[in-house]
Amino acid sequence: MREARRPTSTQPPPRPSPGEGGGSGRRPASTDDLKCEVADGAFWERIQAGHEFPLGVLYCVTERCPLRCPHCYQDRNEARREAELTLAEIETLLDELVTLGVFKLTITGGEPTLRPDLQEIVAAAWKRRFLVSLKTSAAFLSTEDVRRLRENGLSALNVSLYHVDPQKHDAFVGHEGAWKATMNAIELFGSLGGVVVVNVIAMNWNGDAISPLRELCERHNWSMTVDPKVTHRSDGDARPTGLRAMGDAMVAAIKKLPKIKGKGPERAADDLVCLAGVNTVYVKPDGEVWPCPAMPLSMGSIREKPLGEIWKESEVRKRVLAMRWGDSAKCATCGISRFCQRCPGEALQEHGSLARESTIDCAMAEAYARIWAETHGDE
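Let me sum up the structure you'll find in this document.

What counts as what
- Residues numbered from 1 in each chain as written.
- Predicted model: local features only at pLDDT ≥ 70, side-chain atom pairs only at ≥ 80, totals over all residues.
- Heavy atoms only, no water.
- Helix = DSSP H or I, 4+ residues; strand = E, 2+ residues; numbered from the N terminus.
- Buried < 20%, exposed > 50% of the residue type's maximum accessible area, 1.4 Å probe, protein only.
- Contact = heavy atoms within 4.5 Å.
- Areas by Shrake-Rupley, 256 points an atom, 1.4 Å probe, with all protein chains shown as cover.
- Expected span 1.5 Å × (residues − 1).
- Salt bridge = Lys/Arg side-chain N within 4 Å of Asp/Glu carboxyl O.
- 1 Å grid on protein atoms, 1.4 Å probe; cavity = no way out; pocket = protein on both sides within 12 Å on 5 of 7 lines; lining within 4 Å.
- Points joined across faces, edges and corners; volume = space filled by probe spheres on them.
- Nonpolar A, V, L, I, M, F, W, Y, C, P; charged D, E, K, R; others polar.
- Axes fitted to C-alpha atoms, helices over the stretch in contact; angles between N-to-C directions.
- Parallel < 35°, antiparallel > 145°, perpendicular 65-115°, else oblique.
- Left-handed = near helix turned anticlockwise from the far one by under 90°.
- Core = buried A, V, L, I, M, F, W, Y, C linked by side-chain atoms within 4.5 Å.
- Pairing = 2+ DSSP bridges.
- Right-handed = clockwise from strand over helix to strand, strands pointing away.

Here we come to the overall build of the protein. The helix and strand tally for the protein stands at 13 helices and nine strands. When each of the 379 residues of the protein is scored for burial, the buried share is 49%. Taking the intrachain contacts of the protein between residues at least 6 apart in sequence as the baseline, contacts between residues at least 24 apart amount to 72%. Surface accessibility of the protein: about 17,400 Å² in total, with carbon and sulfur atoms responsible for 50%.

This is how it looks when you write it as structure tokens:
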């Protein structure tokens, strides 16, 4: 495989005005022109700090999915095709995102490839100069689909692999041949100069696969993330949590990460708990808006008012922004809070309260603190 050519300039082409020519613009001369890498996290955060609206938007185009992954956080009972935004409504949303200064659009699902107009959605986003990423199983993409997505402006393909053994992966997702189809799609996408990100959820059955998957990604020059955070479903269903790798199993999984997170800053009682409502926003298939995918609280619907107005006026967002670290007595006095990435959304689904602490967040903080103690002592 050839190495993808980097952009020759750091300056993006000018965006067309919203609605100008139907949002059309210069098409790329070749798929090489679609290669774009986001700056490191610290730089991205500095830019976001001076920007009122999130630079990146997560848009779930459908909640329908033919796979049956047991850990999935989506409530499949909500998956109604007739309620999904039309292509015209999506283009109106994209025009507003331009005016709000959004840079990156992540398209997700469900399984977004079930949308027959997915190619048109990607093309419409690229024409408006968004950096476009697609979260998908990639198990239902043909060779032609992958080529068209790349030509239509898709910069990154973000997939999940659950095991290096195809049979174990297929059994987990409930679809024979899924592993092979996913591998074919991401290998082709990478060869066309696209960015490939492989997500691995560390669970109580696949710890032996993390190192081999890491080696697989290194051979192909793919990015890889490993996350031991298995959450409740968005409707509060706790069954996925039975798949969690806890205690020693979680520590072992984290130790296999390419880079292990160290200590964070000291926590003060008046610190923000998370950045939901600050640098994240989640648009559901029917236009309902949440602060983030993990926080099932409706801020409003873009079918009723513009997203910018929802962002400024939502009482839910104001409630989320008012949350502070000291709201939880346990968190306020916790000795390992510097290792914690507390998620109020998970606490809401587990306990019915944003102010509580979640079991998985505490377990992850304990695991990271334990690894730090083993490698750094009392530093």
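So, on to helix 6 (residues 178-191). Between its first and last C-alpha, helix 6 extends 20 Å over 14 residues, near the 20 Å set by a 1.5 Å rise per residue. Where burial is concerned, most of helix 6 is hidden: ten out of the 14 residues are buried. Those residues of helix 6 that fall on the buried side of the exposure criterion are A178, W179, A181, T182, M183, A185, I186, L188, F189 and G190. Its buried side turned inward, helix 6 meets helix 4 (143-151), strand 4 (154-160), helix 5 (166-173), strand 5 (195-201) and helix 7 (210-220). Following helix 6 by one or two positions, G193 adopts a phi angle in the positive range, close to 95°.

Any two side chains of opposite charge can pair, on the condition that their charged atoms come close. Tallied over the entire structure, the rule returns 19 salt bridges. One salt bridge in this structure joins K229 and D361, with 2.6 Å as the shortest N-O distance. Remark: D361 occurs in helix 13 (residues 359-376) and K229 occurs in the loop between strand 6 (223-227) and helix 8 (248-255); sequence separation between them is 132 residues. What emerges from the salt-bridge pattern is a single network uniting R64, E84, R115 and D117.

Attention now moves to unusual backbone geometry. Of the consecutive residues G109 and G110, the connecting peptide bond is found in the cis state with omega at 25°. As for its position among the elements, G110 is in the loop between strand 2 (104-108) and helix 3 (118-127). Backbone geometry places N221, a non-glycine residue, at a positive phi of 60°. Assignment of secondary structure puts N221 in the loop between helix 7 and strand 6.

Moving on: empty space enclosed by the protein. Evaluation of the coordinates by the stated rule reveals one cavity of 30 Å³ or more. Counted as a void, the largest cavity has a volume near 50 Å³. What lines the largest cavity is a set of ten residues, and nearest its centre among them are E63, Q74, S234, Y282 and W290. Tallied by class, residues from the lining of the largest cavity come to four nonpolar, two polar and four charged.

Packing of helix 8 against helix 13 leaves a shortest axis separation of 9 Å and a crossing angle of 60°. Accordingly, the angle class assigned to the pair helix 8 and helix 13 is oblique. Of the two possible hands of crossing, helix 8 and helix 13 adopt the one that is right-handed. Every residue of helix 13 that contacts helix 8 at D248, M250, V251, I254 and K255 is listed here: I360, A363, M364, A367, Y368, R370, I371 and E374. In terms of residue class, the contact of helix 8 with helix 13 is made up of nine nonpolar, no polar and four charged.

All right, on to the nonpolar core then. Judged by nonpolar contacts, the single largest core of 85 residues is most densely connected at F53, L97, L105, I107, F130, V198 and L307. In terms of residues, this core owes the most to one element, helix 13, which gives nine residues. Ignoring sequence-local partners within four residues, the contact set of V198 consists of V159, L161, I186, C217, W222, S223, M224 and T225.

The two faces of a sheet get side chains in turn, since along a regular strand they alternate between them. Burial analysis of strand 3 (residues 131-135) places four of its five residues in the buried class, the great majority of the element. As judged from the four bridges shared by strand 2 and strand 3, these two strands associate in the parallel manner. Each bridged residue has a counterpart across the sheet, and for K104 the counterpart in strand 3 is L131. Handedness of the crossover joining strand 2 and strand 3 through helix 3 is recorded here as right-handed. Summarising the sheet, strand 3 and strand 4 pair through four bridges and their orientation is parallel. If you follow V132 over to strand 4, its bridge partner there is L154.

As a further point, take the sheet that holds strand 7 (residues 282-283). The sheet built from nine strands is open, its strands ordered 6-5-4-3-2-1-7-8-9 with mixed pairing. Every interior strand has two partners, whereas the edge strands, strand 6 and strand 9 (300-301), have only one. Across five bridges, strand 1 (residues 56-60) lies against strand 2 in parallel orientation. Bridged to L58 within strand 2 is T106.

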